[in-house]
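In case you want the letters, here they are:
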Amino acid sequence: MLTLNNIRNNYEEYIKLLAIKGFDAKGVFDELIALDDKRRNTQKELDDTLAESKKISKEIGMLFKSGKKEEANSARERTSLLKEKSKELSDLLAKTSNELTDKLLTVPNVPHHSVPEGNSDADNEVVLQNGELPDLGSEALPHWELAAKFDIIDFELGNKITGAGFPVYKGKGARLQRALINYFLDKATAAGYREVQPPLMVNEASGYGTGQLPDKDGQMYFIGEDKLYMIPTAEVPVTNIYRNTIVKAADFPIRNTAYSACFRREAGSYGKDVRGLNRLHQFDKVEIVVIDHPEKSYERLEEMSSYVQSLLKELELPYRVLKLCGGDLSFTSALTYDMEVYSAAQKRWLEVSSVSNFESYQANRLKLRFKNENGKTVLAHTLNGSALALPRIVAAILENNQEADRIRIPSVLVPYTAFEYID
């Protein structure tokens, strides 16, 4: 959530930058400023009313002691009127503050000045590409056929048990999942991230804290009876560890990592791009989350991007890094790098990670602050990234490493799988 001071102080610049995201901010900003003026004026009037009421209340006793009964009764009537007025002003202040907050929640984060213009993923900027693209020939099988051939992932069984998008991993397929999770967690902890195991459900306040609500309300699984949401990513519970918290600047950067199952409705998704593991309703992912000083957050973003790339290199997967354009940037992000691996059988790039800097946008919602060198309490910056999401990593490993009668496991995973081939 943007702060009103920043909107006022950067009015023209923010309107220009938000246009890169396709958001017309001028009308909304004008409404916000008008509501803020109304809130401030109401607050002043309420404060003045309460002060006057307090002053008169003190005078009433003195008037009675002085025998000025008529003046005392008149003053008492005045305090009754002021009490009614203060109640009306309090109600108006609460109503105006709620309207102001609701309106602020509809405004996306301002993109970083380096975010390229564009309307869709076709306009994203390729920052770098690493590794040679494998050429497997016309006989190469996509991962969903390999999964059936070696009986390691059963999409139909998952459909029977739950529905489409909930696969069942079996045998070496299940062990590969577990191997990847443990490998990703071991690498993250070795890189200085503290491992946490968060809940898989969050309350509404947590959803608002990281910005999934109200923006992604329709994409989250909601348990109505308990008013809880299934998490779409471990980012939500892990970042909310710091909700309503003042952290110590000396602890920056604060690094956490977590494995979790993730749940996404993916409403509206259809077509060839959703086959097999390409798009699921439930999947596994290891997340990295960082809380840092505003002056260091973009340095940290580059560090996180390099870290995720190091995993892809060790997994021997050709990949590329994209800087997302304004039209493809998420509601809450100021700058995002997407990492995509090449799927040799599908002959297409598959997104496996997004690494983002949210600047103070989430921190303002979370009330996540620290005391700066001047002792002033200010908002921290939050960042997170997938390190990594499993489904498309598994898809690329299966497809790119397929041989005539087996699939080779990347050497870095063999100590975790305890087997070199799926056959």
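Before any of the text, the structure's been laid out above.
Everything quoted here is computed from the prediction, not taken from an experiment. (Residues numbered from 1 in each chain as written. Predicted model: local features only at pLDDT ≥ 70, side-chain atom pairs only at ≥ 80, totals over all residues. Heavy atoms only, no water.)

> Quick one: what's the story with the sheet that holds strand β9 (residues 254-263), residue by residue and with numbers?
Sheet architecture is open: eight strands sit in the order β1-β11-β12-β13-β16-β10-β9-β4, paired in mixed fashion. Two strands lie at the open edges of the sheet, namely β1 (125-130) and β4 (194-195), each paired on one side alone. Where strand β13 (residues 348-357) meets strand β16 (residues 381-389), three bridges bridge the pair, whose relative direction is antiparallel. Residue pairing across strands places valine 355 opposite glycine 385, the latter belonging to β16. Across the face of the sheet, helix α12 (residues 390-400) comes into contact with β10 (282-292), β12 (335-343), β13 and β16 while running at roughly 30° to β12. (Pairing = 2+ DSSP bridges. Helix = DSSP H or I, 4+ residues; strand = E, 2+ residues; numbered from the N terminus. Contact = heavy atoms within 4.5 Å. Axes fitted to C-alpha atoms, helices over the stretch in contact; angles between N-to-C directions.)

> Quick rundown of the packing of aromatic side chains? Include the residues and the values.
Evaluation of the coordinates by the stated rule reveals eight aromatic pairs. Note on tyrosine 193 and tyrosine 307: the rings are 5.9 Å apart at their centroids and 40° apart in plane angle, and the pair reads as tilted. Residue tyrosine 193 is found in the loop between α7 (172-190) and β4, and its partner tyrosine 307 is found in helix α10 (residues 297-314); the two are separated by 114 residues along the sequence. Here tyrosine 193 matches tyrosine 307 in class, with each residue buried. Taken together, a centroid distance of 5.0 Å and an interplanar angle of 80° make the contact between phenylalanine 252 and phenylalanine 370 edge-to-face. Taken as a pair, phenylalanine 252 in the loop between β8 (245-247) and β9 and phenylalanine 370 in strand β14 (residues 368-371) lie far apart in primary sequence, 118 residues in all. The same class applies to phenylalanine 252 and to phenylalanine 370, which are both buried. An aromatic cluster is defined as three or more aromatic residues linked by ring pairs; in this entry it consists of Tyr183, Phe184 and Tyr416. Its guanidinium or amino end placed over the ring of phenylalanine 419, lysine 172 lies 4.7 Å from that ring's centre, counting from NZ or CZ. Here arginine 255 stacks its cationic end above the ring of tyrosine 193, 5.9 Å away from the centre of that ring. (Phe/Tyr/Trp six-rings, centres within 6.5 Å; stacked < 30°, edge-to-face > 60°. Buried < 20%, exposed > 50% of the residue type's maximum accessible area, 1.4 Å probe, protein only. Lys NZ or Arg CZ within 6 Å of the ring centre and 35° of its normal.)

> Could you give an account of the pairing of β10, naming the residues involved and the relevant values?
Across the eleven residues that make up β10, a large majority, ten, are buried. As paired strands, β9 and β10 are joined by ten bridges and run antiparallel to one another. Residue isoleucine 254 lies in a different strand from β10, and its bridge partner there is isoleucine 291. When β10 meets β16, the two strands line up antiparallel, connected through seven bridges. Bridging across to β16, valine 289 finds its partner in asparagine 384.

> Any details on the sheet that holds strand β15 (residues 377-379)? Residues and values, ideally.
Pairing between the strands of a sheet is mediated by backbone hydrogen bonds and can be parallel or antiparallel. An order of β8-β14-β15 is seen for the three strands of this open sheet, with the pairing classed as mixed. Edge positions in the sheet fall to β8 and β15, since each has one partner strand and no second. The average angle at which neighbouring strand axes cross in this sheet is 40°, direction not considered. As defined by bridge partners, β8 adjoins β14 across three bridges and the pair is classed as parallel. In the sheet register, threonine 245 faces β14, and the bridge partner there is leucine 368.

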